[in-house]
Amino acid sequence: MHELSIAQSLLGIVLQEAARHGVSRVTKVAVKIGALASVVPSSLTFSFDLIKEGTAAAEAVLEIEQVPAMGVCHACGAEMDMSGLVAACPACGSRDIELSSGQELYVDHIEAE
Amino acid sequence: MSEIEVGRNILEANQSMADRFRRRFAEQGVKVLNLISSPGAGKTSILEQTLKRLDGRLGCAVIEGDIQTDEDAQRVAACGVPAVQIQTQGACHLDGPMISEALEALDLASLDLLIIENVGNLVCPVDFDLGEDMKVAVLSVTEGDDKPSKYPALFRAAGVLLVNKIDLLPYIDCDLDRIHDTCRTFNPKQKVFDISCRTGEGLKDWVAWLESWVRG
């Protein structure tokens with residue numbers, strides 16, 4: 001629901017990095033978004049495309065990699081899918097499980113000329 | 001063509017503000033709660049009942065987030081507690097710059113507890129750290145027992161869950177055990193209080209826990 005404000009933060013970071021590295025045309029912006037980050041990729045792309053006009057990122061394509069929600073069991077070390085409700089480790093039954101990925105929201109890299 | 005490694009959190013500006021607030025709150029000895037629920041779950045009623053029962057034993061203040069109006073700040077101020085209203089003018093959550101402005105109106109040194117009542121929304125507020133010590137989720141039983149599994153982010157992140165309006169349970173199809181089971185699965189360490197602001201049920205336990213947490 002707040003993809004526009006996220007797109008604004010994202011564009012700010014991209015333009016800062018472009019200026020810092022002395023590039024004038026950003027062609028790709030690669031971001032990683034966790035499945036649990038409450039960010040809708042299509043809405044983020046829509047918002048980013050709206051606000052990038054007239055900037056060094058005007059022609060940049062937003063490439064979104066979705067990171068799955070995964071968990072790890074502290075008892076046996078097994079990894080598991082955490083996209084649904086997981087009460088216990090499917091391998092050993094322990095409840096001592098922790099989310100290991102799925103909440104990411106970061107700019108991985110940009111490509112520029 | 002060159003590839004530039006970035007590796008920066010998109011919400012880093014908000015995060016660094018939140019980190020600054022957190023240090024400031026700790027220095028001033030203020031515990032901070034971020035109260036989150038859907039609209040109408042009873043956040044402001046819980047504040048009124050909580051402040052009434054604390055009866056001045058803790059130095060409290062409230063930051064109220066709403067899209068429009070200062071009605072909630074007026075309700076809290078009527079309890080004799082400083083209340084700062086933030087009107088987000090449409091924004092679906094509170095963020096660092098809004099809290100920064102609100103903090104200018106508060107004397108943190110005189111406080112033990114600051115409660116931030118976020119904009120009514122089960123999704124967006126969860127992503128924006130405000131420097132709080134703990135998120136408190138409020139779910140009213142009339143919203144349905146499926147809400148924790150449909151909106152997992154909040155119920156996973158909240159240190160405390162207040163299940164409100166339990167006086168209505170006899171009249172609706174809501175399975176309280178399902179709410180408890182789902183939330184325990186998401187967050188086994190979560191403290192859960194079943195309450196009714198209307199009858200007062202459960203409020204004594206919640207306020208006793210809150211008081212000892214603030215002093216602890």
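A short tour of the structure in this document, coming up. (Residues numbered from 1 in each chain as written. Chains lettered and ligands numbered in written order. Predicted model: local features only at pLDDT ≥ 70, side-chain atom pairs only at ≥ 80, totals over all residues.)

## Some details on the overall build of chain A
The test is simple: Each helix is a run of H or I in the DSSP string that is no shorter than four residues. Each strand is a run of E no shorter than two, and both are numbered from the N terminus. Only C-alpha atoms enter the radius of gyration; for comparison, a globular chain is expected to reach 2.2 Å times N to the power 0.38, where N is the number of residues. Buried residues are those with 20 or more other C-beta atoms within 10 Å of their own C-beta, exposed residues have 12 or fewer, and partly exposed residues lie in between; C-beta atoms are placed from the backbone. With C-beta atoms placed from the backbone, a contact is any residue pair whose C-beta atoms sit within 7 Å.
Looking only at helices and strands, chain A features 2 helices and 6 strands. Going from N to C terminus, chain A has its helices and strands arranged as α-β-α-β-β-β-β-β. At 18 Å, chain A has a C-alpha radius of gyration far larger than the 13 Å of a compact globule built from 113 residues. Considered along the principal axes of its C-alpha atoms, chain A spans approximately 55 × 30 × 15 Å. Counting the 113 residues in chain A, one finds 32% classified as buried. Within chain A, residue pairs in contact and separated by at least 24 positions form 70% of the contacts whose partners lie at least 6 positions apart.

## So, the interface of chain A and chain B
This is how it is decided: The pairing criterion for strands is at least two bridges between them, as found by DSSP.
Taken together, the contact between chain A and chain B spans 24 residues of the former and 23 residues of the latter. Where the side of chain A that touches chain B is concerned, the elements lending two or more residues are α1 (3–20) and β6 (105–112) of chain A. Per-element accounting of the side of chain A that touches chain B gives the leading share, 8 residues, to β6 of chain A. Of the pairings in the sheet, the one linking β6 of chain A to strand β1 (residues 2–9) of chain B comprises 6 bridges and is antiparallel in character. Bridging across to β1 of chain B, alanine 112 of chain A finds its partner in serine 2 of chain B.

## Quick word on the sheet that holds strand β4 (residues 79–81) of chain A
Residues and elements named next belong to chain A. Rules: A fitted line through C-alpha atoms serves as each axis, taken over the contacting stretch for helices, and the angle formed by two N-to-C directions is quoted from 0 to 180°.
Strand order in the open sheet made by the 3 strands is β4-β3-β5, with antiparallel pairing throughout. Because the sheet does not close on itself, it has two edges, and the strands there are β4 and β5 (97–101). Pairwise comparison of adjacent strand axes, ignoring direction, gives a mean angle of 40 degrees for this sheet. Summarising the sheet, strand β3 (residues 70–73) and β4 pair through 3 bridges and their orientation is antiparallel. The partner of glycine 71 across the bridge, within β4, is methionine 80.

## A closer look at unusual backbone geometry
Residues and elements named next belong to chain B. Even without being glycine, aspartate 55 reaches a positive phi, approximately 50 degrees. Inspection of the secondary structure assignment puts aspartate 55 in the loop between α2 (43–54) and β3 (60–66). Despite not being glycine, threonine 69 has its phi angle at roughly 70 degrees, a positive value. The residue threonine 69 is located in the loop between β3 and α3 (71–77) in this model. Residue threonine 69 is classed as exposed on the basis of its 11 C-beta neighbours within 10 Å.

## Some thoughts on the nonpolar core
In plain terms, the rule: What we call a nonpolar core is a set of buried Ala, Val, Leu, Ile, Met, Phe, Trp, Tyr and Cys residues whose membership is set by joining through C-beta atoms within 7 Å.
Membership of the largest hydrophobic core comes to 57 residues, with the highest contact counts inside it found for Val62, Leu114, Ile115, Ile116, Ala137 and Leu162 of chain B. In contact with leucine 162 of chain B, not counting residues within four places along its chain, are Ile46, Val136, Val138, Phe193, Ile195 and Trp206 of chain B. In this structure, Ile6, Leu44, Phe48 and Ala69 of chain A belong to the second largest nonpolar core, which totals 27 residues.

Structural measurements only, silent on function.
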